Amino acid sequence: MSARAQLSKDPRAVAGMFDQVAPRYDLSNDLLSFGQVRLWRRYVTEALRIEEGMEILDLACGTGTSTEHFARVGARVVGADFSDGMLEVARLRHPDLRFVQADACDLPFADNTFDAVTISYGLRNIHDPLRALHEMARVTRPGGHVVIAEFSTPTCAPFRTLYHGYLRHVLPRVAALASSDGPAYAYLMESIIDWPDQRTLAGWLHEAGWRDVEYRNMCNGIVALHRATLPAAH
């Protein structure tokens, strides 16, 4: 029987759901985003401002697609995810990279370990996102930064209505056709609609100790890219 997480976002239920969708996760993402996920990944890379040898934590790394991409442009990157199934695929596809099972609310890394932390489309699946933002700050070196790509709130009301119709009626069916898990993607739809808007996430970042918080809307706000810096003293 398919695992199906709820909006309470119990960590075990969420991990179990992603375990099941892992084998065809990347294909489903490409189909459901009409290939835009690749462009969004490029924007995340640009926002990270990667320099040779830069140490990056890629949270909610999934199958390691983003982790491999950051490594290819010069970063020393650790991929971390809560899902065993996702990590199994990541290690198989990218055996030369380091992957760690990790709870974003209790990261298994020392203070001031990374130059930057990034998470794409994973923050809204965490049961306590504010605590996760605090943890990201803890493991980041002073002067380092965080980059978050997350589904958000379209800025135009008519487009927002159209988009929510797509999420409710099209997304689960396309996911099923891609041989993925329809019920799991029903949760995806609910989690996107339930997620707060861009300004709310920016406020959470500030509350967690990040500064110079800014965000950029992509595809009229379907996705928002947040970037913030950790001050020298925190």
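In this convention, every chain numbers its residues from 1, walking through the sequence in written order. In keeping with the predicted nature of the model, local features appear solely for residues at pLDDT of at least 70, side-chain atom pairs appear and are counted solely at 80 or more, and the whole-chain, interface and lining totals rest on all residues. Computation of side-chain values: all heavy atoms of the structure, hydrogens and water removed.

Draft legend 1. Highlighting the overall build of the protein chain. What counts as a helix is a DSSP run of H or I of at least four residues, what counts as a strand is a run of E of at least two, and both are numbered from the N terminus. Regarding its fold elements, the protein chain presents ten helices and seven strands. Only protein chains enter the calculation, and the probe is 1.4 Å; a residue is then buried if its accessible area is under 20% of its type maximum, exposed if over 50%, and partly exposed in between. Split into buried and exposed, the 234 residues of the protein chain put 53% on the buried side. We call two residues in contact whenever any of their non-hydrogen atoms come within 4.5 Å of each other. For the protein chain, contacts bridging at least 24 residues in sequence account for 68% of all contacts bridging at least 6.

Draft legend 2. View of the packing of helix H6 (residues 129-139) against helix H10 (residues 198-207). To define axes, lines are fitted to C-alpha atoms, for helices over the stretch in contact only, and angles between the resulting N-to-C directions are given on a 0 to 180 degree scale. H10 packs onto H6 with a crossing angle of 50 degrees between their chain directions and a minimal axis gap of 9 Å. With respect to H10, the axis of H6 lies oblique. Handedness of the H6/H10 crossing: right-handed. Mapping the contact onto sequence places Pro129, Leu130, Leu133 and His134 in H6 and Leu201, Trp204, Leu205 and Glu207 in H10. Each residue is assigned to one of three groups, with Ala, Val, Leu, Ile, Met, Phe, Trp, Tyr, Cys and Pro labelled nonpolar, Asp, Glu, Lys and Arg labelled charged, and all others, Gly among them, labelled polar. Taken together, the residues that form the contact of H6 with H10 break down as six nonpolar, one polar and one charged. Geometric relationships in this document are graded by angle, where less than 35 degrees denotes roughly parallel, more than 145 denotes roughly antiparallel, 65 to 115 denotes roughly perpendicular, and other angles denote oblique. Take the far helix as the reference: if the near one is turned anticlockwise from it by less than a right angle, the crossing is left-handed, and if turned clockwise, right-handed.

Draft legend 3. The arrangement of the UniProt feature "binding site: S-adenosyl-L-methionine" (unreviewed entry) in the protein chain in detail. UniProt positions are given in the numbering used here, feature names are shortened, and annotations may be inferred rather than shown by experiment. The UniProt entry lists Thr63, Asp81, Asp103, Ala104 and Ser120 under the feature "binding site: S-adenosyl-L-methionine" (unreviewed entry), expressed in the numbering used here. Within the fold, Asp103 resides in the loop between strand E3 (98-101) and strand E4 (114-120). Examined against the element boundaries, Ala104 turns out to sit in the loop between E3 and E4. Sequence-distant contacts of Ala104, that is, excluding residues within four places in its chain, are made with Leu59, Ile126, Ala132 and Glu135.

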